[in-house]
Amino acid sequence: AQSVTQPDIHITVSEGASLELRCNYSYGATPYLFWYVQSPGQGLQLLLKYFSGDTLVQGIKGFEAEFKRSQSSFNLRKPSVHWSDAAEYFCAVGARGATNKLIFGTGTLLAVQP
Amino acid sequence: DGGITQSPKYLFRKEGQNVTLSCEQNLNHDAMYWYRQDPGQGLRLIYYSQIVNDFQKGDIAEGYSVSREKKESFPLTVTSAQKNPTAFYLCASFSPNPGQGASEAFFGQGTRLTVV
């Protein structure tokens, strides 16, 4: 069965510091992988996605993620965090097949210190 | 602008009442999904519809019902059988990826349901 693990429930970084949010997945083949961001009381917005090809994926707002098959990971990174990046981040995995079912991780809440 | 609209943003329900959450999209997407979000639990799938007039139960369908009579609309009814309905509900539609599986989800702004 598919599953997604986000080991860090809560992370605090200083503004201007680099950021890495961890995501590990369990899936029998190469999945589709996504990172979404959610501001309080809002819906989710897609940051980036990996379907195939280049394992380093660029997204919006200066985020990137790297698919590492050997580690079953899809970690999200940003070289310099801005105060507006404070939000909750969700990693999701999707199956290759007939449906759009996504499995979401439990999320990582990011706080940014001035 | 194309997008997904959920209404209302806040909803209060008395014990024993059924309530219906609205989800409308003008993205011309076939697939629409309902998720429930609780603190620390991520998103859990309630119901989904891959095409008009067809829908499937998700992982936590008990106490919920849906209909899909129009491509644009996928309302969710929270029935009195749902014992713990207080949560944040998110509707999503998916861009086409025919036969290839998961594609990009577009989310509404959510409805926060509270039982009073």
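Before reading further, recall that the structure is shown in the block above.
Residues numbered from 1 in each chain as written. Chains lettered and ligands numbered in written order. Predicted model: local features only at pLDDT ≥ 70, side-chain atom pairs only at ≥ 80, totals over all residues. Heavy atoms only, no water.

A.B. asks: Looking at this structure, I do not really get the overall build of chain B. What am I missing?
C.D. replies: When its secondary structure is counted, chain B shows zero helices and eleven strands. Overall, chain B shows an N-to-C arrangement of helices and strands of β-β-β-β-β-β-β-β-β-β-β. With respect to the principal axes defined by its C-alpha atoms, chain B has extents near 40 × 30 × 30 Å. Taking the contacts inside chain B whose residues are at least 6 apart along the sequence as the reference set, 53% of them involve residues at least 24 apart. Surface exposure of chain B reaches about 5500 Å², of which carbon and sulfur atoms provide 47%. The distance from the centre of the 11 positive side-chain charges to the centre of the 11 negative ones in chain B is 8 Å. (Helix = DSSP H or I, 4+ residues; strand = E, 2+ residues; numbered from the N terminus. Contact = heavy atoms within 4.5 Å. Areas by Shrake-Rupley, 256 points an atom, 1.4 Å probe, with all protein chains shown as cover. Lys, Arg positive; Asp, Glu negative; His and termini not counted. Charge placed at Lys NZ, Arg CZ, Asp CG, Glu CD.)

A.B. asks: How do you make sense of the pairing of strand β12 (residues 108–113) of chain A when you look at a structure like this?
C.D. replies: One face of the sheet, then the other: side chains in a regular strand alternate in exactly this way. Residues and elements named next belong to chain A. Taking every second residue as pointing to the same face, the buried face of β12 carries Thr 108, Leu 110 and Val 112, while none of Leu 109, Ala 111 and Gln 113 on the other face is buried. Of the strand pairs in this sheet, strand β2 (residues 10–14) and β12 are connected by five bridges, and their pairing is parallel. Residue pairing for β12: His 10 is matched across the bridge by Leu 109. Bridge count between strand β10 (residues 87–94) and β12: three bridges; the pairing is antiparallel. Each residue of the ladder has a partner; that of Glu 88, found in β12, is Leu 109. (Buried < 20%, exposed > 50% of the residue type's maximum accessible area, 1.4 Å probe, protein only. Pairing = 2+ DSSP bridges.)

A.B. asks: Is there a simple way to think about a nonpolar patch on the surface in this case?
C.D. replies: A contiguous nonpolar surface patch, about 370 Å² in accessible area, is contributed by Tyr 10, Phe 12 and Val 116 of chain B. Following the sequence through the fold, Tyr 10 of chain B ends up in strand β2 (residues 10–13). (Patch = residues over 30% accessible without salt bridge, like charges linked within 9 Å, V, L, I, M, F, W, Y side chains within 5 Å. Salt bridge = Lys/Arg side-chain N within 4 Å of Asp/Glu carboxyl O.)

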